[in-house]
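The primary structure of each chain is shown beneath.
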Amino acid sequence: MNENTAAPRYDWTWRHLAALLGGNFALALGPWSVRLSDAGPVATGFWRLTLALPLLLLLAMANRQKLVGFSRRTWFGVAGAGLFFAADLAAWHVGIHGTRLGNASLFGNSGSLILMVWGVIALRRAPHRGEWLALGAASAGAAILFGRSLEISTETLVGDLLCLLAGFFYAFYILLLQSERAQFGNWSLLFWSSAAGAPFLLAAALWMGETVMPHNWWPLFALALGSQIIGQGLLVYALRHFPPLIIGLTLLTQPSVSIVAGWFAFNETLGAWDLAGMILVAAALVLARAGEKPAAS
């Protein structure tokens, strides 16, 4: 077997595993902070990005990551990615207020499945067996969860659809940055994409007539620090050390933590059919992750 076809080697330790699990745990608590914020949902997304900017800048500078001197094409790519990331946050935060936290975490993470479908379309080939299984499980699970949400009210169904739309936007955020990511450090990339997305979120919040200035700041600081800094930072540190299947499996901790948070803070309960739908969607996300090609070292 030559060098180009050799299987990738992963050098993870317990520290990397703790970071991977910790990152997913921190991100899973994000919807809880969104619910507790007394600013509007889109305005909450604006504060999530804005409050994180100074620390992201300091982290990029401390790690000597390049912040200026990119080509015009690169700046346009990052600006476009920032707009997709902002659209992801806007749709997801509105959806969080309209559905259960477990559903929000599952559908908000649907980007892996959407990227898998996009890859099949781009390569103009038929899906292989694992991809068919992922699509089948996702379709069945989503149908169950959408049906259960519709039984509660049309508002919860709209919340599910908005969280699914957020996953769609996030997938295009990743696609748009793929050709530019090698020129950025992880912190500088997060800084500039956040800086590009924040004005869009502020304009959208004002246009929608949302409350922008909160009375209670701690949910916003918790969201910025927990999701944008700790959650993303731990995942950035850990992801390259694990195969996609392990990443997909640890992704399942997010809806699990969100379900507990929803039960504890908002008295949200799940029935047997809800759990069945979540298991099917979660299995589809794992299958989609397992089919990803590992990134180059």
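Thresholds applied
- Residues numbered from 1 in each chain as written.
- Predicted model: local features only at pLDDT ≥ 70, side-chain atom pairs only at ≥ 80, totals over all residues.
- Heavy atoms only, no water.
- Helix = DSSP H or I, 4+ residues; strand = E, 2+ residues; numbered from the N terminus.
- Buried < 20%, exposed > 50% of the residue type's maximum accessible area, 1.4 Å probe, protein only.
- Areas by Shrake-Rupley, 256 points an atom, 1.4 Å probe, with all protein chains shown as cover.
- Core = buried A, V, L, I, M, F, W, Y, C linked by side-chain atoms within 4.5 Å.
- Contact = heavy atoms within 4.5 Å.
- Polar contact = N/O pair within 3.5 Å; in protein donor to acceptor, adjacent residues only side chain to side chain.
- pLDDT = per-residue confidence, 0-100.
- Patch = residues over 30% accessible without salt bridge, like charges linked within 9 Å, V, L, I, M, F, W, Y side chains within 5 Å.
- Salt bridge = Lys/Arg side-chain N within 4 Å of Asp/Glu carboxyl O.
- Expected span 1.5 Å × (residues − 1).
- Axes fitted to C-alpha atoms, helices over the stretch in contact; angles between N-to-C directions.
- Parallel < 35°, antiparallel > 145°, perpendicular 65-115°, else oblique.
- Left-handed = near helix turned anticlockwise from the far one by under 90°.

1. What to know about the overall build of the protein
Regarding its fold elements, the protein presents 13 helices and 0 strands. Evaluated residue by residue, the protein yields a buried proportion of 48% over its 297 residues. Accessible surface, the protein as shown: approximately 14900 Å² in total, 68% of it carbon and sulfur.

2. Structural notes on the nonpolar core
Note on soluble globular proteins: their nonpolar side chains tend to be buried together. Grouped together as the largest cluster of nonpolar side chains are 34 residues, with contacts concentrated most on Val42, Leu49, Leu56, Tyr173, Leu177 and Leu201. Elements supplying a minimum of two residues to this core: helix 3 (41-62), helix 4 (72-96), helix 8 (154-177), helix 9 (186-207) and helix 10 (218-238). If one sorts the elements of this core by residue count, helix 3 sits on top with 9 residues. For Val42, the contacting residues outside a window of four places in its chain are Ala90, Val94, Leu201, Ala204, Ala205, Met208 and Glu210. By size, the runner-up hydrophobic cluster in this structure holds 29 residues, among which are Ala91, Ala138, Phe169 and Ala284.

3. Brief notes about the side chain of Gln228
Assignment of secondary structure puts Gln228 in helix 10. In this structure the side chain of Gln228 is engaged in a polar contact, spanning 3.1 Å, whose partner is the side chain of Ser194. Among residues more than four places away in sequence, those in contact with Gln228 are Arg48, Leu49, Ala52, Leu56, Phe85, Leu190, Ser194 and Leu223.

4. Quick notes on the confidence of the model for the protein
Confidence in the prediction of the protein, expressed as mean pLDDT, is 82, and 90% of residues score 70 or more. Predicted confidence in the protein is weakest over helix 11 (residues 244-251), with a mean pLDDT of 70, and strongest over helix 3, with 95. Per-residue pLDDT stays below 50 along residues 1-5; that stretch engages in 2 contacts with residues further than four places along the chain or on separate chains.

5. Some words on the environment of Gly130
Within the element layout of this structure, Gly130 appears in helix 7 (residues 129-152). Judged by relative accessible area, Gly130 falls into the partly exposed class, the value being 26%. In this structure the C-alpha to C-alpha distance between Gly130 and Leu287, which are 157 residues apart in sequence, comes to 6.6 Å.

6. Section: a nonpolar patch on the surface
A grouping of Leu55, Leu58, Leu225 and Ile230 is seen on the molecular surface, where their side chains present a nonpolar patch of about 340 Å² in accessible area. Summarising the element assignment, Leu55 is placed in helix 3. Note on Leu55: relative accessible area 34%, which makes it partly exposed.

7. What about helix 13 (residues 272-290)?
Because an α-helix completes one turn every 3.6 residues, residues spaced three or four positions apart along the sequence face the same direction. Look at helix 13: 27 Å from first C-alpha to last across 19 residues, which is about the 27 Å you get at 1.5 Å a residue. Restricting attention to buried positions, one finds in helix 13 the residues Asp274, Gly277, Met278, Val281, Ala282, Ala284, Leu285, Val286, Ala288 and Arg289.

8. Side note on helix 1 (residues 14-28)
Under the 1.5 Å per step criterion, the end-to-end length of helix 1 is 21 Å for 15 residues, consistent within 8% with the ideal 21 Å. Those residues of helix 1 that sit buried are His16, Ala19, Leu20, Gly23, Asn24, Ala26, Leu27 and Ala28.

9. Considering the side chain of Ser193
Locating Ser193 in the fold gives a position in helix 9. Separated by 2.9 Å, the side chain of Ser193 and the backbone oxygen of Leu189 make a polar contact. Looking at Ser193, its side chain comes within polar contact range of the main-chain oxygen of Leu190, at 3.2 Å.

10. Quick look at the packing of helix 1 against helix 10
Where helix 1 contacts helix 10, the two axes come as close as 8 Å, and the packing angle between them is 150 degrees. Regarding the angle of helix 1 to helix 10, the classification is roughly antiparallel. The element helix 1 and its partner helix 10 pack so that their crossing is left-handed. Contacts between helix 1 and helix 10 involve Arg15, His16, Ala19, Leu20, Gly22, Gly23, Asn24, Ala26 and Leu27 from the former and Gly226, Ser227, Ile230, Gly231, Gln232, Leu234, Leu235, Tyr237 and Ala238 from the latter.

11. Thoughts on unusual backbone geometry
Phi is mostly negative for residues that are not glycine, and the peptide bonds are mostly trans. In this model, Arg64 sits at a positive phi of 55 degrees, which is unusual for a non-glycine residue. Here Arg64 is to be found in the loop between helix 3 and helix 4. Of the residues examined, Arg64 reaches a relative accessible area of 81% and is grouped as exposed.

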